[in-house]
Amino acid sequence: MTIYDDGVEIERVVLSNYPTKEAMHALMIEKGFIRKRPKEIEAMKKRLRAQADAVEREKRISRAKRKKQNKERKRQNEDSPRVEL
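Residues numbered from 1 in each chain as written. Predicted model: local features only at pLDDT ≥ 70, side-chain atom pairs only at ≥ 80, totals over all residues. Heavy atoms only, no water.

Asks: Would you explain the overall build of the chain in this entry?
Replies: When helices and strands are counted, the chain shows two helices and two strands. Taking 85 residues into account, the globule formula puts the C-alpha radius of gyration at 12 Å, and the chain, at 26 Å, lies well above it. Across its three principal axes, the chain shows a C-alpha extent of roughly 80 × 35 × 25 Å. Here the chain, with 85 residues, has 4% of them falling under the buried criterion. (Helix = DSSP H or I, 4+ residues; strand = E, 2+ residues; numbered from the N terminus. Rg over C-alpha atoms; globule rule 2.2 N^0.38 Å. Buried < 20%, exposed > 50% of the residue type's maximum accessible area, 1.4 Å probe, protein only.)

Asks: Explain the pairing of strand β1 (residues 2-5) to me, please; I cannot follow it from the model alone.
Replies: Two faces belong to every sheet, and in a regular strand the side chains alternate between them. Summarising the sheet, β1 and strand β2 (residues 8-12) pair through four bridges and their orientation is antiparallel. In the sheet register, aspartate 5 faces β2, and the bridge partner there is valine 8. Counting the residues that bridge the hairpin from β1 to β2 gives two residues, and of these aspartate 6 lies at a positive phi of roughly 55 degrees. (Pairing = 2+ DSSP bridges.)

Asks: Please explain unusual backbone geometry as it appears in this structure.
Replies: Even without being a glycine, aspartate 6 presents a positive backbone phi close to 55 degrees. For aspartate 6, a relative accessible area of 78% translates into the label exposed.

Asks: What's the story with the pattern of salt bridges in this structure? I'm lost.
Replies: Where charged atoms from two side chains of opposite charge come close, those side chains can pair. Tallying each qualifying case throughout the model produces six salt bridges. In this structure, the salt-bridge partner of glutamate 30 is lysine 31, at a minimum N-O distance of 3.6 Å. Of the charged contacts, one joins arginine 63 and glutamate 56 as a salt bridge, the two residues approaching to 3.5 Å between their closest N and O atoms. Its relative accessible area of 32% is what places glutamate 56 among the partly exposed residues. It is possible to trace a salt-bridge network through shared partners that takes in Glu11, Glu30 and Lys31. (Salt bridge = Lys/Arg side-chain N within 4 Å of Asp/Glu carboxyl O.)

Asks: Please explain the confidence of the model for the chain as it appears in this structure.
Replies: Close inspection of predicted coordinates is inappropriate for parts of the model with low pLDDT. Scored by pLDDT, the chain has a mean of 92; 98% of the residues are at 70 or more. When mean pLDDT is compared element by element in the chain, helix α2 (residues 38-79) scores highest at 94, while β1 scores lowest at 91. (pLDDT = per-residue confidence, 0-100.)

Asks: Before we go on, may I ask you to explain the environment of leucine 15 in this structure?
Replies: Structurally, leucine 15 can be placed in the loop between β2 and α1 (21-30). Considering only alpha carbons, one finds leucine 15 and lysine 46, 31 residues apart in sequence, at a separation of 28 Å. Apart from the residues within four sequence positions on either side, leucine 15 is in contact with Met1, Met24, Leu27 and Met28. (Contact = heavy atoms within 4.5 Å.)

Asks: It is not clear to me how the environment of glutamate 42 should be interpreted in this structure. Could you clarify?
Replies: Note that glutamate 42 resides in helix α2. At 3.2 Å, the side chain of glutamate 42 and the side chain of arginine 49 are in polar contact. (Polar contact = N/O pair within 3.5 Å; in protein donor to acceptor, adjacent residues only side chain to side chain.)

Structure, rendered in structure tokens:
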């Protein structure tokens, strides 16, 4: 685990050195992590899902626009007169 403070690496901790759940919890408390309540975790997950959904929606819209533009360009190219040399 790498611990950062404002984007600056502060410390690296090898988590495999902590064999039990209790030891891992003690480490997290020692490092200043705060345990979130289940409601907080669920709210965070919901917010992250909504963000991911919004990004995916924007990607779909962008793909649809590109596809429409490509079709329009292709149609224009097919409609334009050909000059043979």
